[in-house]
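These are the residues of each chain, in order.
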Amino acid sequence: MTLLAQASARSASPPVRARPEATFQWEAFSQAFREIAPLTFANWNESGGFEKKLPFDPDWDRYFDFERTGILHVLTARVGGELAGYVACLVLPHIEHSTALCASVKTIFMAKEHRAGTLAIRLLKRALSDLSGKGVTIFTVADKGHRDGAFGEILKRMGFVVDETIYAKVVK
């Protein structure tokens with residue numbers, strides 16, 4: 001084997017499966033609702049905690065009200081035009097730091113077939129970047145850490161810190 005052939009053989013890398021290109025865009029909840037609703041139900045079916053003791057009955061009208069008043073912001077991730085996931089944030093002045101605009105993630109969800117890579121992380125990073133560019137200074141994300149804890153670890157690697165722990169109890 002010639003030196004050139006040996007060098008080519010050493011530098012050849014195994015084929016890498018190309019991931020479909022994702023697009024991120026801010027969408028009106030009312031426009032994406034029919035696609036978001038099934039993912040919202042899928043998210044609830046996967047989540048644990050006290051929600052399973054109560055019927056899942058989203059107040060969609062309140063979501064639309066939040067959109068109408070400029071509080072609800074939805075960033076979608078689409079692959080091949082299909083909704084792969086989304087992050088829904090409620091953006092308003094922080095109740096204890098009134099000069100600070102806060103984005104509180106209500107939901108972040110990625111369809112199972114799109115979880116293997118970094119799509120959810122890229123989606124969250126894009127939301128952080130875009131909203132901080134619009135004046136958001138505090139970004140909060142709840143983690144259902146009682147699952148496998150992986151999401152909390154991702155948040156820590158992104159620079160998030162545990163600010164408070166929320167306990168819940170159904171008293172019905």
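Nothing here was measured: the structure is a model prediction, and the numbers come from that model.

Novice: Report on the pairing of strand β4 (residues 101-110), specifying residues and quantitative values.
Specialist: As paired elements, strand β3 (residues 82-93) and β4 share nine bridges and run antiparallel to each other. Looking at the pairing, C89 lines up with V105 of β4. Both β4 and strand β5 (residues 136-141) contribute to a ladder of five bridges, which runs parallel. Along β5, the bridge assignment pairs C102 with I138. This β-α-β element, β4 to helix α4 (residues 119-133) to β5, shows right-handed connectivity.

Novice: Talk me through the side chain of H94; I want residue IDs and the actual numbers.
Specialist: With respect to the element layout, H94 can be found in the loop between β3 and β4. A polar side-chain atom of H94 sits 3.0 Å from the main-chain amide nitrogen of E96. The contact partners of H94, leaving out residues within four places of it in the chain, are A100, C102 and I138.

Novice: Pulling in residues and values, what's your account of the side chain of E27?
Specialist: Relative to the elements of secondary structure, E27 occurs in strand β1 (residues 22-27). Within the structure, E27 has its side chain in polar contact with the side chain of T76 (distance 2.4 Å). Reaching out from E27, the side chain makes a polar contact with the side chain of R78 at a distance of 2.8 Å. Those residues in contact with E27 that lie beyond four places of it in its chain are A32, V74, T76 and R78.

Novice: Pulling in residues and values, what's your account of the sheet that holds β1?
Specialist: The five strands are arranged β1-β2-β3-β4-β5 in an open sheet whose pairing can be described as mixed. At either margin of the open sheet sits one strand with a lone partner, and together these are β1 and β5. The sheet shows a mean angle of 25 degrees between the axes of neighbouring strands, taken without regard to direction. Along the sheet face, helix α2 (residues 29-46) touches β1, β2 (72-79), β3 and β4 and points at about 95 degrees away from the line of β3.

Novice: Give me the lowdown on the nonpolar core, citing residues and values where you can.
Specialist: Counting residues in hydrophobic clusters, the biggest one holds 22 residues, and the most contacted among them are V87, C89, A103, L119, L123, L131 and F139. The element that contributes the greatest number of residues to this core is α4, accounting for five residues. Those residues in contact with C89 that lie beyond four places of it in its chain are I71, L72, H73, A103, S104, V105, K106, L131 and F139. In this structure, F29, A32, L72 and A111 belong to the second largest nonpolar core, which totals 15 residues.

Cut-offs applied
- Residues numbered from 1 in each chain as written.
- Predicted model: local features only at pLDDT ≥ 70, side-chain atom pairs only at ≥ 80, totals over all residues.
- Heavy atoms only, no water.
- Pairing = 2+ DSSP bridges.
- Helix = DSSP H or I, 4+ residues; strand = E, 2+ residues; numbered from the N terminus.
- Right-handed = clockwise from strand over helix to strand, strands pointing away.
- Polar contact = N/O pair within 3.5 Å; in protein donor to acceptor, adjacent residues only side chain to side chain.
- Contact = heavy atoms within 4.5 Å.
- Axes fitted to C-alpha atoms, helices over the stretch in contact; angles between N-to-C directions.
- Core = buried A, V, L, I, M, F, W, Y, C linked by side-chain atoms within 4.5 Å.
- Buried < 20%, exposed > 50% of the residue type's maximum accessible area, 1.4 Å probe, protein only.

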